[in-house]
Amino acid sequence: MSSLVLCSTCRRHVRLGATTCPFCSASITSGEPGGGDRSLATRGLSRARMYARYAAIATGVAACGGSSSETSSTDAAGDAATDTAASDTGAATDSRGDASGDGSVADAGADTPDTVSDAPPDTPCCPPYGCVFPDTACGGDLV
Amino acid sequence: MSDSSNTGPLSPDERRAILDAPRPRRSLPLAARPVASRVQLPLADESRAVDRTMRPIYAVWELTLACDLACRHCGSRAGVARDDELTTSEARDLVRQMAALGVREVALIGGEVYLHPGWTEVVAEIRRCGMQSTMVTGGRGMTPEVAAEARRAGVQSIAVSIDGLEETHDRLRALDGSHAAALTALRNCRAAGLPVALNTQVNRLNLGELEAVADVLFEVGAHGWQVQLTVPAGRAADEPAVILQPYDLLELFPRLAALKERCDRGRIKMMAGNNVGYYGPYEHLLRSYCHDRHGDSCSAGRSGLGIEANGDIKGCPSLPTAKWVGGNVRANTLERIWERSQPLRHMRDRTRDELWGYCAECYYGDDCKGGCTWMATSLFDRPGNNPYCHHRALEMQARGKRERVVRVEEAPGLSFDCARWDLVVEDLPAKAEK
């Protein structure tokens, strides 16, 4: 179970309950966007169920006219549903950050819990060792 | 196309010297004959709740150690098959045991999977049991016919290893033409109707070429890219000049972040391997596919299952055999080994108390627990302290320091063996080394 949330200012993970980010000194308020909120939405879901869920979300986004390959990171900021779908589908909407090496990564995306886990909470992140699986959320016809 | 002139952390002369260096072990066979181990440790009398709750989700299975390449960074020193590899019948039985235990995805690796005489039967059994089937190949023998066989058997994705541009790849793979063969393999798989992905090990020779490897992703229509660090184990331990230094992560991670964004835009799923660590400013981006957008420590024996070709069971396929095999499926059922062997239980039970060195005091210690156990044990013969960490490198940099690993004892030359390394903390140089 994660004990970390994401600092919305510097995008570093900080301890749940911290009031100040130890990396950028920004205040961490309850309801800040980040991993902690997100974990409530997905914690414990099986990989297959997460994929199915994200695929459904992605489908919904597409049905609403969103095209993940065309959406800029700026467009996606603050859109919880798009952010959630994109970050796990390999789509572009969660792209953020810089490559300057200075450690600063700008983002204002907010995640909102949209479901409650119904599975044991300690299922780890599925290990990417070996071959990346072409889950349906990865985007359409792969062949 | 990407600029391929960047030489990464090495100067052009340093890089040339490494490219031209002969193999450290020049006597034959390059692949030592593996010892038939069949580890039989005593199992606990009973399983515990945690052993029954934590189930393997993802299995990585060295189906055979036989290989048609003898890569200079291969952790298992693949080449010659183990004497006691599972028969096809035994392998199919193991597949059924994995399914019963809850495994959902089986990645077949080698050696070369297609050199196992019953590999398509094993794949078919994986699919018949309702699990997802993927495989990894160096691609040398991935002909149109073999690719078609894979497709017919039910393989759902094939990852081909690409470790840089042609010269770098061929040097690492120790075979002229291996890069061209890998590209041909990708095309053959695509022609057979198979989704393809790339796997890349990052080291000092290819760090500057990652952008060019990403070009290949787009050229061949790959759906995924798994990137991991070359771990100083097996043959890679014989070549310390190739291994990244911990401070090289300061250069690597911004590049990975930019590549992740590029892949996201192209709807290619780029996954940072378990040894790409940890909790730096790009963690949420590189691990956006994780529940909480961060890694959560080593998954070996928690959700991960590793299998050696002779049926030895580990929590991760890359962990050193001697200390991390929990049992053999010829002597016990997979379920009993999973639930009752100490090596498989290790990661379920460990606490922060296992951490030492920098990791013992790290802000992220409770969650990270030292990251990749393979990396830590390959360096220091014990888990819990891993200098290959972006957060750690940044903290060192903030103090005007950096860490460097120095090999002090060679590896003996066996599959999944390790050298011994010292960790040196030193002042940052006034100017970047180049």
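About the cut-offs
Residues numbered from 1 in each chain as written. Chains lettered and ligands numbered in written order. Predicted model: local features only at pLDDT ≥ 70, side-chain atom pairs only at ≥ 80, totals over all residues. Heavy atoms only, no water. Helix = DSSP H or I, 4+ residues; strand = E, 2+ residues; numbered from the N terminus. Buried < 20%, exposed > 50% of the residue type's maximum accessible area, 1.4 Å probe, protein only. Contact = heavy atoms within 4.5 Å. Areas by Shrake-Rupley, 256 points an atom, 1.4 Å probe, with all protein chains shown as cover. 1 Å grid on protein atoms, 1.4 Å probe; cavity = no way out; pocket = protein on both sides within 12 Å on 5 of 7 lines; lining within 4 Å. Points joined across faces, edges and corners; volume = space filled by probe spheres on them. Nonpolar A, V, L, I, M, F, W, Y, C, P; charged D, E, K, R; others polar. Pairing = 2+ DSSP bridges. Polar contact = N/O pair within 3.5 Å; in protein donor to acceptor, adjacent residues only side chain to side chain. Salt bridge = Lys/Arg side-chain N within 4 Å of Asp/Glu carboxyl O. Core = buried A, V, L, I, M, F, W, Y, C linked by side-chain atoms within 4.5 Å. Right-handed = clockwise from strand over helix to strand, strands pointing away. Axes fitted to C-alpha atoms, helices over the stretch in contact; angles between N-to-C directions. Parallel < 35°, antiparallel > 145°, perpendicular 65-115°, else oblique. Left-handed = near helix turned anticlockwise from the far one by under 90°. pLDDT = per-residue confidence, 0-100.

Enquirer: An account of the overall build of chain A is needed here, citing residue identities and associated values.
Expert: Within chain A one finds four helices and two strands. Shown N-terminal to C-terminal, the secondary structure of chain A runs as helices and strands in the order β-β-α-α-α-α. Residues counted as buried form 50% of the 143 residues belonging to chain A. If you take every contact in chain A between residues at least 6 apart in sequence, the share linking residues at least 24 apart comes to 54%. Split by element, the accessible area of chain A, about 5,900 Å² in all, is 55% carbon and sulfur.

Enquirer: With reference to specific residues and values, describe empty space enclosed by the protein.
Expert: Residue and element names in this part refer to chain B. Here the structure, examined in full by the defined rule, presents eleven cavities of 30 Å³ or more. Space inside the largest cavity adds up to approximately 570 Å³. Sorting the residues of the lining of the largest cavity by element identifies strand S3 (132-137), strand S5 (196-202) and strand S6 (224-229) as the ones contributing at least two each. Residues that form the lining of the largest cavity fall into these classes: 13 nonpolar, 15 polar and four charged.

Enquirer: Tell me about the sheet that holds strand S8 (residues 304-307) of chain B, and please be specific about residues and values.
Expert: All names here are of chain B. With mixed pairing, ten strands are arranged side by side in an open sheet as S7-S6-S5-S4-S3-S2-S1-S8-S9-S10. Every interior strand has two partners, whereas the edge strands, strand S7 (269-272) and strand S10 (327-328), have only one. Here strand S2 (residues 105-109) pairs with S3 via four bridges, running parallel. Opposite Leu108, over in S3, you have Met135 as the bridge partner.

Enquirer: Quick one: what's the story with the side chain of B:Glu354, residue by residue and with numbers?
Expert: All names here are of chain B. Its place among the elements puts Glu354 in the loop between helix H13 (342-349) and helix H14 (365-368). In terms of polar contacts, Glu354 uses its side chain to reach the side chain of His346, at 2.3 Å. One polar contact links Glu354 to Arg350, side chain to side chain, over a distance of 2.9 Å. In contact with Glu354, not counting residues within four places along its chain, are His346, Pro383 and Gly384.

Enquirer: Quick one: what's the story with the pattern of salt bridges, residue by residue and with numbers?
Expert: Residue and element names in this part refer to chain B. If you walk through the whole model with that rule in mind, you get 37 salt bridges over all chains. Put simply, Arg420 and Asp381 hold a salt bridge, and the shortest N to O gap is 3.9 Å. With Arg420 in strand S12 (residues 420-427) and Asp381 in the loop between helix H15 (373-380) and helix H16 (390-398), this residue pair connects regions lying 39 residues apart in the sequence. Here the residues in one salt-bridge network are Arg48, Asp51, Arg345, Arg348 and Asp349, joined through shared partners.

Enquirer: Could you give me a rundown of the nonpolar core, with the residues and numbers involved?
Expert: Judged by nonpolar contacts, the single largest core of 114 residues is most densely connected at B:Trp61, B:Met98, B:Leu108, B:Leu198, B:Trp225 and B:Leu252. For this core, the element with the highest residue contribution is helix H9 (residues 249-265) of chain B, accounting for seven residues. With residues near it in sequence (within four places) discarded, B:Met98 still touches B:Ala59, B:Trp61, B:Val103, B:Val106, B:Met131, B:Leu305, B:Ile307 and B:Leu334. Grouped together as the second largest cluster of nonpolar side chains are eight residues, A:Cys131, B:Ala107, B:Val136 and B:Ala197 included.

Enquirer: Give me the lowdown on the pairing of S3(B), citing residues and values where you can.
Expert: All names here are of chain B. By the criterion of burial, S3 is predominantly enclosed, with five of the six residues buried. Remark: the S2/helix H4 (residues 119-128)/S3 crossover connection has right-handed handedness. Taken together, the four bridges between S3 and strand S4 (residues 157-161) define a ladder with parallel strand orientation. By the bridge assignment, Met135 is partnered in S4 with Ile158.

Enquirer: Lay out the packing of helix H8 (residues 210-220) of chain B against H9(B) with the relevant residues and their values.
Expert: Residue and element names in this part refer to chain B. H9 packs onto H8 with a crossing angle of 15° between their chain directions and a minimal axis gap of 11 Å. Judged on the interaxial angle alone, H9 and H8 are roughly parallel. The interaxial crossing formed by H8 with H9 has right-handed handedness. Taking contact as the criterion, the partners of Leu210, Glu211, Ala214, Asp215, Leu217 and Phe218 in H8 are, on H9, Leu252, Arg255, Leu256, Leu259, Arg262 and Cys263.

Enquirer: So what about unusual backbone geometry? Which residues, and what values?
Expert: All names here are of chain B. Each neighbour pair has its own omega, and for Gly110 with Gly111 the value is 15°, a cis peptide bond. Looking at the secondary structure, you find Gly111 in the loop between S2 and H4. With an omega of -25°, the peptide bond between Gly277 and Tyr278 qualifies as cis. With respect to the helices and strands, Tyr278 occurs in the loop between S7 and helix H10 (283-286). A positive phi angle, close to 65°, is found at Asp381, a residue other than glycine. A residue is classified by how much of its surface remains accessible, and Asp381, at 38% relative accessible area, is partly exposed.

Enquirer: Account for the confidence of the model for chain A, with residues named and values stated.
Expert: The predicted coordinates should not be examined in detail at positions where pLDDT is low. Residues and elements named next belong to chain A. Scored by pLDDT, chain A has a mean of 49; 22% of the residues are at 70 or more. Throughout residues 31-124 the model reports pLDDT below 50, and contacts reaching past four residues in sequence, or to other chains, amount to 182 contacts. The low-confidence segment residues 136-143 (pLDDT under 50) makes 18 contacts with residues lying over four places distant or belonging to another chain.

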